[in-house]
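Reading the structure
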Amino acid sequence: MDSVRTGPRRSVGEAGIRGRLTRRRDVADLVAEADGGQLRRTMGLTQLTLLSVGATLGTGIFVVLGQAVPEAGPAVVFSFVLAGLTALFSALSYAELAGMIPGAGSSYSYTYATLGELVAWVCGWCLVLEYGVSVAAVAVGWGQYVNELLELTVGWTLPASLAAPPGAGGVLNVPAAAIVVLSMVVLLRGSRESAVVNAVMVAVKVAALVLFCAVAFTAFRAGNFRPLFPLGMAGVSAGAASLFFSYIGFDAASTAGEEAKNPQRDLPRAILLSLGLITALYCAVAIAAVGAMPWQRFAGTDATLSEVLVHAVGGGTLWPVLLSVGAVVATTSVVLAVQYGQTRILFSMARDGLVPPLFAKVHARSGVPRANIVIVSAFVMVLAALVPLGALADATSIGTLFAFALVNAAVLILRRRSPGAPRSFRVPLAPLTCALGTLCCGYVMWGLGADTWIAFGLWMAVGLAVYLLYGIRHSRLGRPAPEKESTE
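Residues numbered from 1 in each chain as written. Predicted model: local features only at pLDDT ≥ 70, side-chain atom pairs only at ≥ 80, totals over all residues. Heavy atoms only, no water.

**Things to note about the overall build of the chain**
Selection criterion: Going along the chain from the N terminus, every DSSP run of H or I of four or more residues is numbered as a helix, and every run of E of two or more is numbered as a strand. Partly exposed residues are those whose accessible area sits between 20% and 50% of the maximum for their type, while under 20% is buried and over 50% is exposed, using a 1.4 Å probe and protein chains only. Only heavy atoms matter for contacts: two residues are in contact if any of them lie within 4.5 Å across the pair. Here, Shrake-Rupley sampling with a 1.4 Å probe gives the accessible areas, and only protein chains in the shown set may cover a residue.
Along the chain, the regular secondary structure elements total 19 helices and zero strands. Taking all 488 residues of the chain together, 59% fall into the buried category. In the chain, the proportion of contacts linking residues at least 24 apart, taken out of those at least 6 apart, comes to 84%. Accessible area of the chain: about 18100 Å², with a carbon and sulfur share of 67%.

**What about the nonpolar core?**
Condition: Throughout, nonpolar core names a set of buried Ala, Val, Leu, Ile, Met, Phe, Trp, Tyr and Cys residues whose side chains join them through atoms within 4.5 Å.
In terms of nonpolar packing, the biggest core is built from 157 residues, with Phe 62, Val 76, Phe 80, Phe 212 and Leu 305 touching the most fellow members. Sort the elements by how many residues they give to this core and helix 8 (residues 117-154) lands first, with 22 residues. With near-sequence residues (within four places) excluded, Leu 305 lies in contact with Ile 61, Phe 62, Leu 65, Tyr 145, Leu 209, Phe 212, Val 285, Ala 289 and Leu 323.

**Topic: the packing of helix 10 (residues 174-189) against helix 15 (residues 318-351)**
Note the threshold: Note on definitions: angles span 0 to 180 degrees between N-to-C directions of axes, and those axes are lines fitted to C-alpha atoms, for helices only across the stretch in contact. To sort the angles, those under 35 degrees are grouped as roughly parallel, those over 145 as roughly antiparallel, those from 65 to 115 as roughly perpendicular, and the leftovers as oblique. Two helices crossing with the near one rotated counterclockwise from the far one by less than a right angle form a left-handed crossing, whereas a clockwise rotation gives a right-handed crossing.
It is the contact of helix 10 with helix 15, at a shortest axis distance of 9 Å, that shows an interaxial angle of 55 degrees. It follows from the interaxial angle that helix 10 and helix 15 lie oblique. The crossing of helix 10 and helix 15 is right-handed. Residues Ile 179, Val 180, Ser 183, Met 184, Val 186 and Leu 187 of helix 10 touch helix 15, and the partners they reach there are Thr 332, Val 335, Leu 336, Gln 339 and Tyr 340.

**Things to note about the packing of helix 6 (residues 76-100) against helix 13 (residues 263-292)**
How we decide: Lys, Arg, Asp and Glu make up the charged group, whereas Ala, Val, Leu, Ile, Met, Phe, Trp, Tyr, Cys and Pro make up the nonpolar group; the residues left over, Gly among them, are polar.
As a packed pair, helix 6 and helix 13 sit with axes 9 Å apart at the nearest point and diverge in direction by 175 degrees. As far as their axial angle goes, helix 13 and helix 6 are roughly antiparallel. Contact residues: helix 6 offers Val 76, Val 77, Phe 80, Val 81, Ala 87, Leu 88, Ala 91, Leu 92, Tyr 94, Ala 95, Ala 98 and Gly 99, while helix 13 offers Pro 263, Gln 264, Leu 267, Pro 268, Ile 271, Leu 272, Leu 275, Tyr 282, Cys 283, Ala 286, Ile 287 and Val 290. For the contact of helix 6 with helix 13, the per-class residue count stands at 22 nonpolar, two polar and no charged.

**Regarding unusual backbone geometry**
The linkage connecting Arg 226 with the following residue, Pro 227, adopts the cis geometry, with an omega of -5 degrees. Despite not being glycine, Leu 429 shows a phi value in the positive range, around 60 degrees. Secondary-structure assignment places Leu 429 in the loop between helix 17 (389-417) and helix 18 (432-446).

**Thoughts on helix 3 (residues 45-56)**
Here is the rule: The length a helix should cover is 1.5 Å for every residue beyond the first.
Taking 1.5 Å as the rise per residue, helix 3 with 12 residues should run 16 Å; its terminal C-alpha atoms sit 17 Å apart, in good agreement. Restricting attention to buried positions, one finds in helix 3 the residues Leu 48, Thr 49, Leu 51, Ser 52, Val 53, Gly 54, Ala 55 and Thr 56.

**Quick word on the packing of aromatic side chains**
Definition in use: Only the six-membered ring of Trp is used, alongside the rings of Phe and Tyr, when aromatic pairs are assigned; centres must lie within 6.5 Å, and planes under 30 degrees apart are stacked while those over 60 apart are edge-to-face, with the rest tilted.
Enumeration over the complete set of coordinates arrives at 13 aromatic pairs. Judged by centre distance (5.5 Å) and plane angle (20 degrees), the ring pair of Trp 121 and Trp 125 falls under stacked. With Trp 121 and Trp 125 both in helix 8 and four residues apart, this pair spans about one turn of that helix. By relative accessible area, which is 1% here, Trp 121 ends up buried. An aromatic cluster of three or more residues is present, and its members are Trp 121, Trp 125, Trp 459 and Tyr 467.

**What to know about the state of the cysteines**
The following threshold applies: The disulfide criterion is simple: two cysteine sulfur atoms within 2.5 Å.
Tallied over the entire structure, the rule returns zero disulfides. A disulfide-free cysteine, Cys 126 has its sulfur positioned 6.5 Å from the sulfur of Cys 123, the nearest such atom. Judged by its relative accessible area of 0%, Cys 126 is buried.

**Some details on the confidence of the model for the chain**
Note the following rule: The pLDDT value expresses, per residue, how confident the predictor is, ranging between 0 and 100.
Confidence in the prediction of the chain, expressed as mean pLDDT, is 80, and 89% of residues score 70 or more. Looking at the elements of the chain, mean pLDDT is at its lowest for helix 1 (residues 14-22), recorded as 69, and at its highest for helix 19 (residues 450-474), recorded as 89. Residue range residues 1-15 is modelled with pLDDT below 50. Its contacts to residues more than four positions away, or to other chains, number 33 contacts. Ignoring residues within four places in sequence, the model shows residues 482-488, a span with pLDDT below 50, making eight contacts including any to other chains.

**Some points on the side chain of Ser 52**
Take Ser 52: it is sitting in helix 3. Residues within four places of Ser 52 in sequence aside, it is in contact with Gly 249, Phe 250, Ala 252, Ala 253, Ala 270, Ser 274 and Ile 278.

**Let's talk about helix 15**
Because an α-helix completes one turn every 3.6 residues, residues spaced three or four positions apart along the sequence face the same direction. Taking 1.5 Å of rise per residue, 34 residues should cover 50 Å, and helix 15 covers 50 Å from first to last C-alpha, within 8% of that figure. Across the 34 residues that make up helix 15, a large majority, 30, are buried. Of the residues one or two after helix 15, Gly 353 is the one with positive phi, at around 90 degrees.

**Here's the deal with the pattern of salt bridges**
Threshold: The working definition used for a salt bridge is a side-chain nitrogen of Lys or Arg within 4 Å of a carboxyl oxygen of Asp or Glu.
Summed over the entire model, instances satisfying the criterion amount to five salt bridges. Among the ionic pairs, Glu 96 bridges to Arg 415, the shortest N-O distance being 2.9 Å. Of the two residues, Glu 96 sits in helix 6 while Arg 415 sits in helix 17, which places them 319 residues apart along the sequence. Summarising the burial analysis for this pair, Glu 96 and Arg 415 share the class buried. Between Arg 423 and Glu 96 there is a salt bridge, with its nearest N and O atoms 3.0 Å apart. One end of the pair, Arg 423, is in the loop between helix 17 and helix 18; the other, Glu 96, is in helix 6, with 327 residues separating them in the sequence. An identical accessibility class is assigned to Arg 423 and Glu 96; each is buried. Salt bridges sharing partners connect three or more residues here, namely Glu 96, Arg 415 and Arg 423.

**Observations regarding the environment of Leu 277**
Summarising the element assignment, Leu 277 is placed in helix 13. Residue classification places Leu 277 among the partly exposed positions, given a relative accessible area of 39%. Between the C-alpha atoms of Leu 277 and Thr 49, which are 228 residues apart in sequence, the distance is 9.9 Å.

Written out as C-alpha cells, the structure is:
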C-alpha cells in the first residue's frame, strides 16, 4: 500500500523532508505515461536486440581487453565469465522491470516507482555517468582504431597532439570528438533512421569478431595458457572490474520502452538475447587472443585485436586492415546507441521535473528531443576530447554497477508491494537471484581503484547538490494535485 502523496509538501520539518525524498511514482501512472507519450513506437524485437548489442559490443572488447589481460593473465576468460555473470543477474532484473514499466527511463524509472525520488535521482545521476562517460570512452577507442587503420593502409597517422587527450601524450583528441558529432547528426534524424544505421553496423562488427577468431585460432598455442592463474583470483577480480565496461550497454533496450511496438513482450527478450550473444563472442575472442599471443605482450596495447593479428599471426596486413575497419564500425555503433540511451534517460528525468524541461521537448517533425541530443553531444564531445580512456572506463563501470544493484533491489520491492501486477517476465529463483546480483555488483565495485571511488564520490556530491538546489523544488510530484492524493 502506497501512502505517498503526490501533492505539494510545504513542511520543512523532519517528516516533510522525509516525505519529499521518498515520494514515489505509481507504476500504473508510469505505464499510462509511456503509452500516451510523444515518442514514436517504431522498434520491434530485432531492432531492440540490435540496439542492445550495438550499445555493448565495441571498445570493451576491441580496446579494454588490452588493459585486462595484464591484470588477470590467461585467466582473463574467467574475468569475462565473472563480469558476465554479474551482468546476467542484473539483466534478469532489468527484463522483469522492463516488461512491467515500458518507459524511456530505464532503471531510473524503476527505482522511482520503488525506492523513492531521492534514490531515483541518485540512480539517474549514475546513469548520466554510465551513458555519458561511456560514450566518451568508446569515442576515444574509436580514435585509436582510426589511427591503426591509417597506419596499416597509408603508413601515416594523426599526430599525437591531435589524437590523444592531455595526460595521454596529446592536446586534443580530434577523432573522438568527431565521431560524437557524427552520431549526433544521425540521432537528430529520428529513431527509425538511427535503428537502421545501427543494424548495419552491428552486422559488420559481429562479422569482424568472427573473422578475428577464425584467423587468430590458426596461430593458437596451448602453452600460452600456462600457468592459467599467474596473478591468482585477485587478478581475475581486477580483470573483471575492468572488463565489466565491456558489458555496459545491454540495458540500452530498456531506454527504448516508449519507442518499442510491443514493449512488454519484446524488451525482456531483447535484453537477454543481446547479453547471451555478447558473452559468447567475448569468451571466444579472449580465448583466441591469448592463444595467439602470450599474455605478457598485451601490456600497453591500444588497438589490441589488430595488434594480435599483426604481431602473432603475420602474413601481411589484410586481416588487420579488415579487423580495424570492423572495429571502427563497431565503436561507431556503440557511440550511436549509447548516446541514444543517454538522451532518453534525461528525457524521462525532465518529464518528471528533476532536470530542466528543455530535455523533454520533442521536435514535431523528427519525433526526437533535439535540444536534449545537442546538449548531451556537446558534453560528451568535451569529455572524449580531453579525458584518457582508462579513467573514463573505470568511472563508467562504477556508476553502472551502482545502478544495477538498485535495479536488483527494485525487483524485490515491487514483488512485495505489487505482487499482482502484470509481469511478462519473472526473475527465476527470486529473491536469491536478485540478492546474488547485488552482491556481485558490490564485489566487482570493490575491485576498482581508490581514484575511481574518489571520483565517484565527488560525482555523487555534485549530483546531490543539483537535486537539492533544483530537482526537489521542481519535481512533478511536488506540484499541486489534490485529486490524486491517496486515501488509503
